[in-house]
Amino acid sequence: MTENILELKNITKRFSSVEVLHEVSFSLRQGEVHALLGENGAGKSTLVKVITGVHQPDGGQIILDGKRAHFGDTRESREAGIAAIYQELSLFPDLDVAENIFVGRQPTTVGGRIDWRKLYADAGNLLDSLGVHLDLKHKARNLSIAQQQMVEIARAFSINARILIMDEPTSSLTLNEVADLFRLVRRLRDEGTAIIFISHRLEELFELADRVTVMRDGSYVDTCTLKDVTRDELIRLMVGRTITNLFPKQDVKAGDVVLKVENLAREGTFRDISFELRKGEILGMAGLVGAGRTNVARAIFGVEPATSGSIQIEGREVAIKSPQLAIQLGLAYVPEDRQLHGLIPAMNITSNISLPMLSKYAVQGWLQDKTERKAAYGAALQMEVRANNIWQLARELSGGNQQKIVLSKWLSTNPRILILDEPTRGIDVGTKAAVHALMSKLASEGIAILMISSELPEILGMSDRVIVMREGHMTAQFSRAEATQEKIISAATQAVTSGSIQ
Ligand SMILES: Nc1ncnc2c1ncn2[C@@H]1O[C@H](COP(=O)(O)OP(=O)(O)OP(=O)(O)O)[C@@H](O)[C@H]1O
Ligand SMILES: [Mg+2]
């Protein structure tokens, strides 16, 4: 009997001629939470996909319960008790919550038909046991990212996995939801499940994980017990250098008001939203996932326009009925969901970056290849995108690098007002510092930035002012000096806080 439930020995994986995993070894014990840590593109998700049979390794061995194993596809790994929640969510948009949980494994009646009654009863029981409140008949396409994540988790739990792999499960969850998830993970661990957990948030690893394996550039670096390692040591192992300042916020004197929003409302989603944004200012928008911040951003950008209230840009009232109009008015919006709204996976990096500014590069209807390429290259370089070349398809990039492409794409439109929705979600700590430095630089050049973020350190570290939303309305507004973690949490979670509404 071996103590390791799963062992990887010298796993190598190549995509065409590029080696993305180089002799990686890894071991997983029963009843432990084992974190995988590494920069964007280090190979974490690829390693996970080798374990689940999505990819076949080009070298090395997978050993399960002391025996050599081979998984030709995800069905085989699932039958061996391995479940995974992948970084890119994979629900079927037209199926409802219950159908998604049991897709491909629906309970059947004696006659061989789908037993709908049992399906909904089982789904209901499962969600109850996870403490998740969701309408079973809700179609996946109408769920928030956090809710989709919950369905993915329920799906993974439903197969009673002995090994559960979670690739950045918390990146779109906040506070309460993360706490709920951690409670679940701990319960499973105590019941003997072995868990592989990937997150770029180091605090989470210290809170949840027992051991951590660090990867760099596709290679194994080290495995440590979290009790015996410091945050700085982990960062050094991961990036090979120390990072001194994660929030390099420059002091910028705010200029004129460029964006003024008054009593903005969209029936059923948000109401009474009023704020001003000045040139050179970073306005943080805090709140829990689902508080309505993204809806406000989408309304300002003309995706789903507001139904009442007004928007002024540089003192002029505007009716932003479409994103095209928003772009013409100097707005750019980096959405939170890079898979759905930010990126065309089947197109290459260059085309993705030049997408919003195609008209700029089209001369008499023909794309100026060279100009486009140059702009894409410049933007990708600025964001430290890690890819083989600028013709690589977006879907082949690691999650964090996809996020960087989305950022590059909108920055290349030279906006006056930049709306960033969770700008560093899924981005590694080194690049996070680079994104923050870039934001700070853009602000100092006079760009007005509205930054939606669920990460309090980011809100506190980068904002000149902070507004907080809860359940579709604004509950507080703080200056940089006033804002504290406690005040923001309280405004984000409780009913209107006294005295702080402005
Ligand atoms: N299908 C594919 N074809 C070609 N290259 C790929 C493919 N999948 C992944 N890669 C490359 O493998 C490398 C590792 O990617 P991987 O997704 O494993 O990184 P990661 O550590 O999960 O990063 P992140 O933190 O950004 O999610 C990247 O350089 C990526 O571009
Ligand atoms: Mg990944």
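Remember, predicted model here, so these are calculated numbers, not experimental data. (Residues numbered from 1 in each chain as written. Chains lettered and ligands numbered in written order. Predicted model: local features only at pLDDT ≥ 70, side-chain atom pairs only at ≥ 80, totals over all residues.)

What about the sheet that holds strand E12 (residues 270–278)?
To keep it simple, the criterion reads: Two strands are counted as paired when DSSP detects at least two bridges linking them. Under the scheme used here, helices are H or I runs from DSSP no shorter than 4 residues and strands are E runs no shorter than 2 residues, and both carry numbers assigned from the N terminus. Angles shown run from 0 to 180 degrees and are taken between the N-to-C directions of axes, each axis being a line fitted to C-alpha atoms and, for helices, limited to the stretch in contact. Each residue is represented by a C-beta atom placed from its backbone, and any two residues with such atoms within 7 Å are regarded as in contact.
Spatial strand order, E12-E11-E14-E15: four strands in an open sheet with antiparallel pairing. A strand with exactly one partner marks an edge of an open sheet, and here the two such strands are E12 and strand E15 (316–318). If you compare each strand with its neighbour and ignore which way they point, the axes differ by 20° on average. Pairing of strand E11 (residues 257–266) with E12, which is carried by six bridges, proceeds in the antiparallel orientation. Paired with Arg 266 across the strands is Phe 270, a residue of E12. Helix H9 (residues 293–300) rests against E11, E12 and strand E14 (308–313) of the sheet, and its axis sits at about 115° to E11.

Topic: the nonpolar core
Most often, soluble globular proteins have nonpolar side chains that are buried together. Note the cut-off: We define a nonpolar core as a collection of buried residues of the types Ala, Val, Leu, Ile, Met, Phe, Trp, Tyr and Cys that are connected via C-beta atoms lying within 7 Å of each other. In this scheme every C-beta is placed from the backbone, and a residue whose C-beta has 20 or more other C-beta atoms within 10 Å is buried, one with 12 or fewer is exposed, and one in between is partly exposed. These domain boundaries are the output of an automatic or database domain assignment.
Within the largest apolar cluster, 71 residues are counted, with the highest numbers of intra-cluster contacts made by Ile 419, Ile 449, Met 451, Val 468 and Ile 488. Counting the residues that make up this core, at least three belong to each of domain 2 (243–330 + 415–502) and domain 3 (343–413). Within the second largest apolar cluster, 65 residues are counted, among which are Ala 98, Ala 123, Ile 196 and Val 212.

Observations concerning the environment of Lys 432
As for its placement among the helices and strands, Lys 432 is situated in helix H16 (residues 429–444). Separated by 294 residues in the primary sequence, Lys 432 and His 138 have C-alpha atoms spaced 35 Å apart. When sequence neighbours within four positions are dropped, the list of residues in contact with Lys 432 reads Leu 246, Thr 424 and Ile 427.

Quick look at the domain arrangement of the protein chain
Definition in use: Residue classes follow a fixed rule: Ala, Val, Leu, Ile, Met, Phe, Trp, Tyr, Cys and Pro count as nonpolar, while Asp, Glu, Lys and Arg count as charged, and any other residue, Gly among them, counts as polar.
By the assigned domains, the protein chain splits into domain 1 (4–91 + 143–239), domain 2 (243–330 + 415–502) and domain 3 (343–413). Across the boundary between the two partners, domain 2 contributes 11 residues, which contact 10 residues of domain 3. The element best represented in the side of domain 2 that touches domain 3 is H16, accounting for four residues. For the side of domain 2 that touches domain 3, the per-class residue count stands at seven nonpolar, two polar and two charged.

Brief notes about the packing of helix H4 (residues 116–130) against helix H5 (residues 145–158)
Stated precisely, the cut-off is as follows: Reported orientations rely on four angle classes, namely roughly parallel under 35 degrees, roughly antiparallel over 145, roughly perpendicular from 65 to 115, and oblique for the rest.
Relative to each other, H4 and H5 sit at 105°, their axes nearing to 10 Å. In terms of orientation, H4 lies roughly perpendicular with respect to H5. From H4, Leu 126, Leu 127 and Leu 130 reach across to H5, where they touch Ala 154, Phe 157 and Ser 158. Considering only residue class, the contact of H4 with H5 consists of five nonpolar, one polar and no charged.

Notes on the pairing of strand E1 (residues 4–15)
In this sheet, strand E2 (residues 18–29) lies alongside E1 in antiparallel orientation, the contact comprising eight bridges. In the strand pairing of E2, Glu 7 is matched with Ser 27. Here E1 pairs with strand E4 (residues 59–64) via five bridges, running antiparallel. Bridged to Leu 6 within E4 is Leu 64.

Some remarks on unusual backbone geometry
Although it is not a glycine, Glu 168 sits at a positive phi angle of roughly 50°. Looking at where Glu 168 falls in the secondary structure, it is placed in the loop between strand E7 (163–167) and helix H6 (175–190). Of note, the phi angle at Glu 314 is positive, near 50°, even though the residue is not glycine. With respect to the element layout, Glu 314 can be found in the loop between E14 and E15.

Details of the sheet that holds strand E22 (residues 473–479)
Reading across the sheet, the six strands line up as E16-E19-E20-E13-E21-E22 and stay open at both edges, with mixed pairing between neighbours. The open sheet terminates on both sides in strands that have one partner only, identified here as strand E16 (331–334) and E22. For this sheet the average axis-to-axis angle between neighbouring strands, irrespective of direction, equals 15°. Pairing analysis gives four bridges linking E16 to strand E19 (residues 417–421), with the strands arranged parallel. Within E19, the position partnered with Val 334 by the bridge is Leu 420. Of the strands in this sheet, strand E13 (282–287), E19 and strand E20 (448–452) touch H16, which is tilted by about 145° from E20.

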